[in-house]
Amino acid sequence: MKTVNLDYAAAAPLDKSVLEAMIPYFTEHYGNPSSGHTLGEKPRKAIEKARENVGRLIGSEAKNIIFTASASEANNLAVKGLVRAGKKKGDHIITSGVEHFSILNQLKGLEKEGYRVTRLPVDSYGSVDPAQLEAAITDQTILVTIQAANPEIGTIQPLEELAAIAGAHDIPFHTDAAAAAGWIPIDVEKSGIDLLSLAGDQFYGPKGSGALYVRRGIRLMPLVEGGIQEKGLRAGTENVPAIVGLGEAAKAALETMEERAAKAVEMRDRLKESIFDAIPNLHLNGHPEKRLPRNLNVSVSFVEGEALLMRLQMAGIYVSSGSSCTSQVLKSSHVLTAIGVSPELAQGSLQLTLGPESSPEDIPYITENLAEITTLLRNMSPLYHQYLKEGKNNA
Amino acid sequence: MKTVNLDYAAAAPLDKSVLEAMIPYFTEHYGNPSSGHTLGEKPRKAIEKARENVGRLIGSEAKNIIFTASASEANNLAVKGLVRAGKKKGDHIITSGVEHFSILNQLKGLEKEGYRVTRLPVDSYGSVDPAQLEAAITDQTILVTIQAANPEIGTIQPLEELAAIAGAHDIPFHTDAAAAAGWIPIDVEKSGIDLLSLAGDQFYGPKGSGALYVRRGIRLMPLVEGGIQEKGLRAGTENVPAIVGLGEAAKAALETMEERAAKAVEMRDRLKESIFDAIPNLHLNGHPEKRLPRNLNVSVSFVEGEALLMRLQMAGIYVSSGSSCTSQVLKSSHVLTAIGVSPELAQGSLQLTLGPESSPEDIPYITENLAEITTLLRNMSPLYHQYLKEGKNNA
Amino acid sequence: MPEYSDKVMDHFTKPRNIGEVEEPDGVGEVGNPVCGDMMKFTIKVKDNMIEDVKYLTFGCGAAIAVSSMVSEMAKGKTLEEAKKITNKQVAEELGGLPGNKMHCSNLGADALHKAIEDYQAKAQASAG
Amino acid sequence: MPEYSDKVMDHFTKPRNIGEVEEPDGVGEVGNPVCGDMMKFTIKVKDNMIEDVKYLTFGCGAAIAVSSMVSEMAKGKTLEEAKKITNKQVAEELGGLPGNKMHCSNLGADALHKAIEDYQAKAQASAG
Ligand SMILES: Cc1ncc(COP(=O)(O)O)c(C=O)c1O
Ligand SMILES: Cc1ncc(COP(=O)(O)O)c(C=O)c1O
């Protein structure tokens, strides 16, 4: 059967050349970078080279990059690390309503400890309004954390403006760039970003690789205490192969960013046109232009996402959905709710993310199947029958 | 030049068959285990198989295993996770004086927060006396954390007795088994261990792989909050290849434990005899029998460890030392200090750890070089000249 | 995707009795789109027996399979028998449902019962 | 291993002037084994000049290289010149030392100065 992965945000195959770069560090250059003898040298140098490459991707000096095992870990190190270091006095944190759970859930925990959290609303595209950030800042604000782009609906935030506002008030600005890094240009120096999280597996690097950029002078409490690896900010024997892979992937992402993005945008826009032409009552979620190149998110009226997903999978097409039934916590996407998508439409949402094997040649196949499945599911949907009767879309 | 690695505790090459098992999960089965479609299935099953294998290695059911990126992370999740969950009321923690920094440094942090920490002394072999644990327990004790074996001097603790004492007082017992797991039989069920940390790279698994065993009913606060991976105890996309590698390494370690241990013990004992015969004024550190199969630790009187290490490296022999000059924090080993080794002898300590490429055929080469280098360094040592004059060893 | 049984997959991919019966004797609706599942059962009753039953379902794979299963189980049963069908039985007939699908999507029997109650209320009203 | 310069490695692998001069005119000891480094310098003085200098060193690579370097730098110098040798100069002559080795192992000049002071104190005593 034909296979069309449209869920590369969940996972992508590791770039072959990245894997090749990693292999020697499993076996030949297996040493511990902290070793006092020669066996540690090659791995140590490889890590420092990776640090250069990751730094370059986001406009940072190598020395400000801390390697972690995931973006979730980087986010936790940034937020809890900064709060627990307690350098700036205050009890107020500002974030947005469309953050990843690795931001939102820690903030819930901090609220229980007595911190106050402002979750900035977003407009119907998912954008944060810089003026609202300005208005939310108090003299108690110790951190602003707003994502660079949303992995689900693709919307890119006005990062420079947001960072500038935080900066003007001397408040550390963190951005979760897990979905954005490697795909859109980011420059922490130029943008005045103080902390930035990223994940290697979002730009064809290995799973288990992440990084946190920490501006000089920002003090953090480590999550994992122990040895003095990563400047004491993250104890534990360095995962050399993963770090090497992250570095290679960062290098490739920087070198080919324009090309990759252009290719993704072209196919995405054609795919969008194709399915919107073929299927009535589709809705685009997220910003029409300011969005991640590889991301498309649509809601299919009258039907539910898991059923769509299962049917599509039977045709070899893999997608994800913001429906409650596909979520592990059985709630529909908080992002779609935040941008004002109705409950029905949230249930029928599809997140489509292109990747290395995506080809415009697959568009007809995707459209055909999605159209057929939509018809099939709509025909058994009470909401659709109601719509046909009442001649209007409640959704 | 001949190369003889005697520092496999720092790092070991990844077992070839383990790497082979990992490779497909980088490329072919690259899916996200949390995905709602078929691409997540193989990785999900692979993770569960790894969980079985890791569980089996330590006598646990699969479901009590939480994957982490290192033993340091597992230790931090265990100790801070338990303390922060705050299920048992109290402010007192008991540990030993010979723990790894990933235990000791977090406890220092907890002390600053107001917790009280008792560091049990060890005897001259590095063993904790169960009677001292019993005596240290108060009604405020919320955790006992004592390592299974010491990575530096190899001494194995009386784990069952220690766990039984904690258990009798209904106090959670954690053991850092990073150095022990895969090398000596461990059974968390039989021993009444509540929490156990291990590291894959200590038994030929991949770097960046670790696990925490958590007995049913023990509540922990996650370090990394976010998604509900690993039962919500450790958010972030699972590092599938690393987990697969950990599982394979655990399986191999369990299946070949006796064989590997016997081989290591034989060579270690012959090596010890050989160098003790050839070089006067050597001292064995750690327990003569109750020690890790692959570990040998000796102090060379009158000379300093880094100089030994550098000279040995010039002969292609890699070792590590507990001297202050080889430590990244420039302090000599707290373990050697705890077992009463004099400062001079701590400086001259060598930790030798055997590994997959170790061969008894190398013993003469090792002994010859160590003897020659020792003579050379002693000849320029003021301590040695003093010894020759005074006819006694102050160390 | 939740690990569905073969029976669930069979009913999901080939759902039986989709639609609405014409001039239904009873209508039962449960669920709402917020929770992700919504079912509408329509029945035709003759001689105290469910002569025909159809459904419309907005929902996940489990919800669709459950609806289909319930329709099969109910058809030809007396109203009393049909009222004894429980959500648990439906799940069992389907070879089990994943734990997290038990409560939200497994509403088929409730919808059927509502349709029967609707029929009985109407019958009573017209009899009264 | 700290990244030592070639010069450090050269002095470490081929240390010059090891030992104790016979019937030394001055003896200087610094450091102790707790900190990891200990040096003992012995000098022979003739006509206010360091005619011979030897050392014994317990310590790391840097400590050994530093001792060796100091012995080379001191030999043939007048006492005044030798007293002007600083630890910093020694490190520079060695092409630099790793940051974390600067204070602990870089005690060679101190040991030399102590030996000179010892000589001068004795000389003064016998003169006085
Ligand atoms: C006893 C013990 N605990 C913890 C660790 C830390 O392991 P890792 O570097 O994988 O975090 C080690 C490392 O060897 C160890 O021996
Ligand atoms: C914006 C954002 N933050 C955080 C994460 C978490 O990444 P990880 O699973 O690597 O921890 C993701 C995952 O895709 C993401 O898109």
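Above this text sits the structure in question.
Residues numbered from 1 in each chain as written. Chains lettered and ligands numbered in written order. Predicted model: local features only at pLDDT ≥ 70, side-chain atom pairs only at ≥ 80, totals over all residues. Heavy atoms only, no water.

**A few points about the overall build of chain A**
Quick reminder of the rule: Numbered from the N terminus, helices here are DSSP runs of H or I no shorter than four residues, and strands are runs of E no shorter than two. Only the C-alpha atoms count toward the radius of gyration. The rule for a globule is 2.2 Å times the residue count to the power 0.38. Each accessible area is a Shrake-Rupley result for a 1.4 Å probe, and residues are judged covered by the shown protein chains and nothing else.
What chain A contains, in helices and strands, is 13 helices and twelve strands. Here the C-alpha radius of gyration of chain A, 22 Å, is about what a compact globule of 395 residues would show, namely 21 Å. In terms of principal-axis extent, the alpha carbons of chain A reach across some 75 × 50 × 35 Å. Accessible surface, chain A: about 13900 Å² in total, of which carbon and sulfur atoms supply 51%.

**So, the pairing of strand E8 (residues 210-214) of chain B**
Residues and elements named next belong to chain B. The test is simple: Exposed residues in this analysis have more than 50% of their type's maximum accessible area, buried residues have under 20%, and partly exposed residues fall in between, with area computed by a 1.4 Å probe over protein chains only. One requirement defines pairing of two strands: DSSP has to find at least two bridges between them.
Burial analysis of E8 places five of its five residues in the buried class, the great majority of the element. Both faces of E8 are covered, namely the face carrying Gly 210, Leu 212 and Val 214 and the face carrying Ala 211 and Tyr 213. Bridge count for strand E2 (residues 65-68) against E8 is four bridges, and the pairing is antiparallel. Residue pairing for E8: Thr 68 is matched across the bridge by Gly 210.

**Observations concerning the pattern of salt bridges**
Worth spelling out the cut-off: A side-chain nitrogen of Lys or Arg and a carboxyl oxygen of Asp or Glu constitute a salt bridge if their distance falls within 4 Å.
Enumeration over the complete set of coordinates arrives at 51 salt bridges over all chains. The partner of Glu 61 of chain A in a salt bridge is Lys 63 of chain A, and the shortest N-O contact between them spans 2.9 Å. Lys 63 of chain A gets classed as partly exposed once you look at its relative accessible area, which sits at 41%. For Lys 389 of chain A, the salt bridge identified is with Glu 20 of chain C, shortest N-O distance 3.9 Å. Remark: Glu 20 of chain C occurs in the loop between helix H1 (6-13) and strand E1 (26-32) and Lys 389 of chain A occurs in helix H13 (residues 382-390); the pair is interchain, linking two chains. Here Lys 389 of chain A falls in the exposed class, since its relative accessible area comes to 62%.

**Looking at the interface of chain B and chain A**
As a reminder of what qualifies: Contacts are assigned to residue pairs that have any heavy atoms within 4.5 Å of one another. Defined in terms of a 1.4 Å probe, buried area is the accessible area two parts forfeit on being brought together, summed over both. Definition of a polar contact: a pair of N or O atoms within 3.5 Å, with one able to donate and the other able to accept a hydrogen when the atoms are protein atoms, and with sequence-neighbouring residues admitted only if both atoms are side-chain atoms.
In this complex, chain B contributes 58 residues to the contact, which on the side of chain A involves 58 residues. Both sides of the chain B and chain A interface together cover about 4500 Å² of buried area, and 59% of this is carbon and sulfur. A per-residue breakdown of the area chain B buries against chain A is headed by Tyr 30, Lys 207 and Glu 225 of chain B, which together make up 15% of the total. Joining chain B to chain A, the criterion identifies two salt bridges. Across the pair Glu 225 of chain A and Lys 80 of chain B runs a salt bridge whose closest N-O atoms are separated by 2.6 Å. Along the contact surface separating chain B from chain A lie 20 residue pairs in polar contact (both at pLDDT 80 or more). Going through the elements one at a time, helix H1 (16-22), helix H3 (71-85), helix H4 (101-112), helix H8 (240-278) and helix H9 (305-314) of chain B are the ones with two or more residues in the side of chain B that touches chain A.

**Some thoughts on the site of ligand 2**
Put simply, the rule is: Here a residue is near a molecule or strand as soon as one of its heavy atoms is found within 4 Å of it.
Surrounding ligand 2, one finds 14 residues, the nearest of these being Ser 70, Ser 72, Pro 151 and Asp 176 of chain A together with Thr 237 of chain B. Lying at an intersection of chains, ligand 2 is approached by residues of chains A and B. At a separation of 3.5 Å, an oxygen atom of ligand 2 approaches a polar side-chain atom of Ser 70 of chain A. Backbone polar atom of Ala 71 of chain A to an oxygen atom of ligand 2: 3.4 Å apart, as the coordinates give it.

**Re the layout of surface pockets**
The cut-off we apply is this: Cavities and pockets are found on a 1 Å grid laid over the protein atoms alone: a cavity is a set of points where a 1.4 Å probe fits but cannot escape, a pocket is an open set with protein on both sides within 12 Å along at least five of seven lines, and a lining residue has an atom within 4 Å of such a point. Grid points are joined across faces, edges and corners, and a volume is the space filled by probe spheres set on the points. Under the scheme applied, nonpolar residues are Ala, Val, Leu, Ile, Met, Phe, Trp, Tyr, Cys and Pro; charged residues are Asp, Glu, Lys and Arg; polar residues are all the others, including Gly.
By volume, the second largest pocket amounts to about 650 Å³. Surrounding the second largest pocket, 30 residues form its lining, Gln 328 of chain A together with Pro 33, Ser 34, Arg 44 and Glu 238 of chain B being those nearest its centre. Mapped onto the lining of the second largest pocket, the elements with two or more residues apiece are helix H9 (305-314) of chain A together with helix H2 (41-57) and E2 of chain B. The biggest single contributor to the lining of the second largest pocket is H2 of chain B, with six residues. Class assignment of the residues belonging to the lining of the second largest pocket gives a composition of ten nonpolar, eight polar and twelve charged.

**Overview of the site of ligand 1**
Around ligand 1, the structure places 14 residues, and the nearest of them are Thr 237 of chain A together with Ser 70, Ser 72, Pro 151 and Asp 176 of chain B. Those chains with residues close to ligand 1 are chains A and B. Between Thr 237 of chain A and ligand 1, the recorded distance is 2.5 Å, taken from a side-chain N or O atom to an oxygen atom. Asp 176 of chain B has a polar side-chain atom sitting 2.6 Å from a nitrogen atom of ligand 1. Burial of ligand 1 by the surrounding chains reaches 93%, relative to a free accessible area of 400 Å². No other element matches H3 of chain B, which puts three residues into the shell around ligand 1. When the residues that make up the shell around ligand 1 are grouped by side-chain class, the tally is five nonpolar, eight polar and one charged.

**Quick notes on the interface of chain D and chain B**
Contacts between chain D and chain B engage 27 residues on the former and 24 residues on the latter. Summed over the shared surface of chain D and chain B, the result is two salt bridges. The shortest N-O distance in the salt bridge between Glu 306 of chain B and Lys 101 of chain D comes to 2.5 Å. At the junction of chain D with chain B, the criterion picks out ten residue pairs in polar contact (both at pLDDT 80 or more). Of all elements in the fold, only helix H1 (6-13), strand E2 (37-46), strand E3 (49-58) and helix H2 (61-74) of chain D reach the threshold of two or more residues within the side of chain D that touches chain B.

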